[in-house]
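Coordinate analysis (summary)
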Amino acid sequence: MTMTAPVSAPSDRSAPEGGRMEDQAKPSILVVDDEEGICSFLSRALERRGWRVEVAGSAEEGAQKLERIHAEVIILDVALPGRSGLDWLKELMAGGYAGEVILVTAFADMDTAIDALRSGAADFVLKPFRVEQILNSIDRCVERTRLTRENYVLRRQLSKKDNGRDEIVGRSDAMTRLRSLVQRVAPTPSTVLIQGESGVGKELVARALHDLSPRADRPFVAVNCAAISADLIEAELFGHARGAFTGAKDARKGLFYYAHGGTLFLDEIGELSLTLQSKLLRVLEERRIRPVGSEQEVPVDVRVVTATNRDLKAEAAAGRFRPDLFYRLEVMTLTIPPLRQRAVDVPELAALFMRFLPARLAVPPLTLTPEVTRALMCHSWPGNVRELRNFVERSLLLGEFPLDDLDTANAAAVEAGLAADPSLCAAAVAGNPPCAPCPVRHVRMDGDNDVLPLAEVEKRHILTVLARCDGSKARAADLLGVSRKTLDRKCVEWGV
């Protein structure tokens, strides 16, 4: 905190430069000062740079303004008629105010400065000040807000188990169409409802929608509505003021706040109470949230993506889900079929898990032989992709595939599919996409013709992959999901 030169006229700059915020990121600012000259000067200087500015001459007038507008930054004088700026700052923080406050004063009082910072002020500026000093302070406030949101989102992401690459895997017709729809819908601002059984990968699709959207560089916040108690979910989403309920000792920002500018993914949306559904509908319509226990509404810029394993249309007809919210969410519906209906995707998924899980578990990978892959494809996978991933992890820990744990409920459909689809060559059965065009003839695993010993199938497949990798054993081993040492041993055995 240092004394500066008297208030100066605005410089010739009429737009931010030197890495300042882009115009579309400009915050709304409320200037609260009983000196009309200060209010007029700051209003002109900030509006020239694209900010929206409101002014007030007292804390009481400032509070009235906040009932109508949301100010992301408040420039607040300490010495005000009536309620002091410092007292109002404490009330703002207790009430869950989500913005930043810059205190200004004409008195270099260290105790006041310490009290202000402890009360929640973002900065403390002495009068007289230069316009550049205020501009820099505002920039720091906005940057701090951005970093706070990003850090919160990153902590949530790191606290979750990593499931591997964030991509939609599968070459079945259903998954091919799903990828096409995601690419088409992602760039739009439309609300999306993702439907599918538990474990099919609904969050993966939601992340793909975010990553392919203009919001990709902003936060992606995911929340499982079924994992949070009904008493706390509203505060978790919208935030709360201090004292809003028992145990709310401090004000807290909600997930809508942290997802500002990005995407909020509400998984298991069907678990929300009817009361909260009504509040969520209002947020979607008005783009404003009200923290629990607060009188102030806060605007939010968030794309909402929801998911459910229920039939929401049937739930709405039965009165368990609000029809108006259902129709608001059903702007675009993406349906992910269960794994039992797309057994052809199992090899690629198993190979994916076999590539990244061994390093995390510090165990050697296992070979996905045609026999193992066929058994995996014949299992019905009631837990879908999540169950498959857990099976691969369990196999790695055991050092072998516990195939006796798998049923054959899906065997007939898989065998029929193998017999009907000539593209299911040995490469596909071994967990890799079929080559097109294939450098060797397809080796079928069924029927009366072209039946080969398993060792010959394995050899042909490995040599085919090695040829496609231009002889690079490192790349081939990675694609095959085996260690380089295993591949070298095989090549020596075959004299390659």
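Here the structure is a predicted model, which means the values were calculated and not measured. (Residues numbered from 1 in each chain as written. Predicted model: local features only at pLDDT ≥ 70, side-chain atom pairs only at ≥ 80, totals over all residues. Heavy atoms only, no water.)

What to know about the sheet that holds strand 11 (residues 303-308)
Spatially, 7-8-11-6-12 is the arrangement adopted by the 5 strands of the open sheet, whose pairing is parallel. Two strands in the sheet have a free side with no partner beyond their single neighbour: strand 7 (220-224) and strand 12 (332-335). The mean inter-strand angle of the sheet, taken between neighbouring strand axes irrespective of direction, is 20°. Pairing between strand 6 (residues 192-195) and strand 11: 4 bridges, direction parallel. Looking at the pairing, Gln195 lines up with Thr308 of strand 11. The strands touched by helix 7 (residues 202-211) are strand 6, strand 7, strand 8 (263-267), strand 11 and strand 12; relative to strand 6, the strand with the most contacts, the crossing angle is about 155°. (Pairing = 2+ DSSP bridges. Helix = DSSP H or I, 4+ residues; strand = E, 2+ residues; numbered from the N terminus. Axes fitted to C-alpha atoms, helices over the stretch in contact; angles between N-to-C directions. Contact = heavy atoms within 4.5 Å.)

As for the confidence of the model for the chain
Looking at the chain, the pLDDT average stands at 80 and 81% of residues meet or exceed 70. Looking over the chain, one finds the lowest element-wise mean pLDDT in helix 17 (residues 426-429), namely 42, and the highest in strand 6, namely 96. Predicted confidence for residues 1-25 stays below pLDDT 50, and this span has 57 contacts to residues more than four positions away or in other chains. Low confidence marks residues 419-451, where pLDDT is under 50. Its contacts with residues over four positions away, or in another chain, come to 60 contacts. (pLDDT = per-residue confidence, 0-100.)

Description of helix 14 (residues 370-378)
Most of helix 14 is tucked away, with 7 of its 9 residues classed as buried. Turning to helix 14, its buried residues number three or more, namely Pro370, Val372, Thr373, Arg374, Leu376, Met377 and Cys378. (Buried < 20%, exposed > 50% of the residue type's maximum accessible area, 1.4 Å probe, protein only.)

Overview of helix 15 (residues 384-398)
A turn of α-helix holds 3.6 residues, and therefore any two residues three or four places apart point the same way. With 15 residues, helix 15 extends 21 Å from end C-alpha to end C-alpha; this agrees with the ideal 21 Å at 1.5 Å per step. Taken as a whole, helix 15 has its buried residues at Asn384, Val385, Leu388, Arg389, Phe391, Val392, Glu393, Ser395 and Leu396. Elements that come into contact with the buried residues of helix 15 comprise helix 13 (346-361) and helix 14. Gly399 sits one or two residues past helix 15 and shows a positive phi near 85°. (Expected span 1.5 Å × (residues − 1).)

Quick word on the nonpolar core
With 29 residues, the main nonpolar core has Leu237, Phe256, Leu264, Leu266, Ile269 and Leu280 as its most contacted residues. Those elements that provide at least two residues to this core are strand 7, helix 8 (233-238), helix 9 (255-258), strand 8, helix 10 (274-286) and helix 12 (323-329). Of all the elements, helix 10 adds the most residues to this core, at 5 residues. Ignoring sequence-local partners within four residues, the contact set of Ile269 consists of Cys225, Leu280, Thr306, Ala307, Thr308, Leu312, Phe321 and Leu329. (Core = buried A, V, L, I, M, F, W, Y, C linked by side-chain atoms within 4.5 Å.)

Notes on the sheet that holds strand 4 (residues 100-105)
The strands that make up a sheet are held in pairs by hydrogen bonds between backbone atoms, and each pair lies either parallel or antiparallel. An order of 2-1-3-4-5 is seen for the 5 strands of this open sheet, with the pairing classed as parallel. Either end of the sheet is taken by a strand with one partner, and the two such strands are strand 2 (52-56) and strand 5 (123-126). Mean inter-strand twist for the sheet, computed between neighbouring axes without regard to direction, equals 20°. Bridging between strand 1 (residues 28-32) and strand 2 involves 5 bridges; their strand directions are parallel. Each bridged residue has a counterpart across the sheet, and for Leu30 the counterpart in strand 2 is Glu54. Along the sheet, helix 3 (residues 85-94) contacts strand 1, strand 3 (73-77) and strand 4; its crossing angle with strand 3, the most-contacted strand, is approximately 150°.

Structural notes on the pairing of strand 3
Both faces of the sheet carry side chains from a regular strand, because those side chains alternate between them. Of all 5 residues in strand 3, 5 are buried, a share of seventy percent or more. Along strand 3, one buried face is formed by Val73, Ile75 and Asp77 and the opposite face, lined by Ile74 and Leu76, is buried too. In the sheet, strand 1 pairs with strand 3 via 4 bridges, with the strands oriented parallel. Counted as the bridge partner of Leu30 is Ile74 from strand 3. Where strand 3 and strand 4 come together, 5 bridges link them in parallel fashion. Note that in strand 4 the partner of Leu76 across the bridge is Leu103. In this fold, the crossover linking strand 3 to strand 4 by way of helix 3 has right-handed handedness. (Right-handed = clockwise from strand over helix to strand, strands pointing away.)

Some points on the side chain of Glu268
In this fold, Glu268 is placed in the loop between strand 8 and helix 10. Of the buried charged residues, Glu268 lacks a salt bridge, with Lys202 as the closest side chain of opposite charge at 4.1 Å. If we skip the residues at most four places from it in the chain, Glu268 touches Lys202, Asn224, Cys225, Ala226, Ala307, Thr308 and Asn309. (Lys, Arg positive; Asp, Glu negative; His and termini not counted. Salt bridge = Lys/Arg side-chain N within 4 Å of Asp/Glu carboxyl O.)

Some thoughts on empty space enclosed by the protein
Applying the stated criterion across every chain yields a total of 5 cavities of 30 Å³ or more. Its volume calculated, the second largest cavity comes out at about 60 Å³. Every residue along the wall of the second largest cavity is listed here: Gly96, Ala98, Phe238, Gly239, Arg252, Lys253, Gly254, Tyr257, Ile289, Pro291 and Val298. By residue class, the composition of the lining of the second largest cavity is 6 nonpolar, 3 polar and 2 charged. (1 Å grid on protein atoms, 1.4 Å probe; cavity = no way out; pocket = protein on both sides within 12 Å on 5 of 7 lines; lining within 4 Å. Points joined across faces, edges and corners; volume = space filled by probe spheres on them. Nonpolar A, V, L, I, M, F, W, Y, C, P; charged D, E, K, R; others polar.)

Re the packing of aromatic side chains
Per the counting criterion, the structure on display carries 6 aromatic pairs. For the pair Tyr257 and Tyr258, a centre-to-centre distance of 5.1 Å together with 85° between the ring planes defines the contact as edge-to-face. Since its relative accessible area comes to 9%, Tyr257 is described here as buried. Judged by centre distance (6.0 Å) and plane angle (75°), the rings of Phe353 and Phe356 are edge-to-face. In this pair, Phe353 and Phe356 are both assigned in helix 13, 3 residues apart and thus about one turn of the helix distant. The exposure class of Phe353 is buried, given its relative accessible area of 4%. The class for Phe356 is buried, based on a relative accessible area of 17%. Above the plane of the ring of Tyr257 lies Lys253, whose end atom (NZ or CZ) is 5.4 Å from the centre. (Phe/Tyr/Trp six-rings, centres within 6.5 Å; stacked < 30°, edge-to-face > 60°. Lys NZ or Arg CZ within 6 Å of the ring centre and 35° of its normal.)

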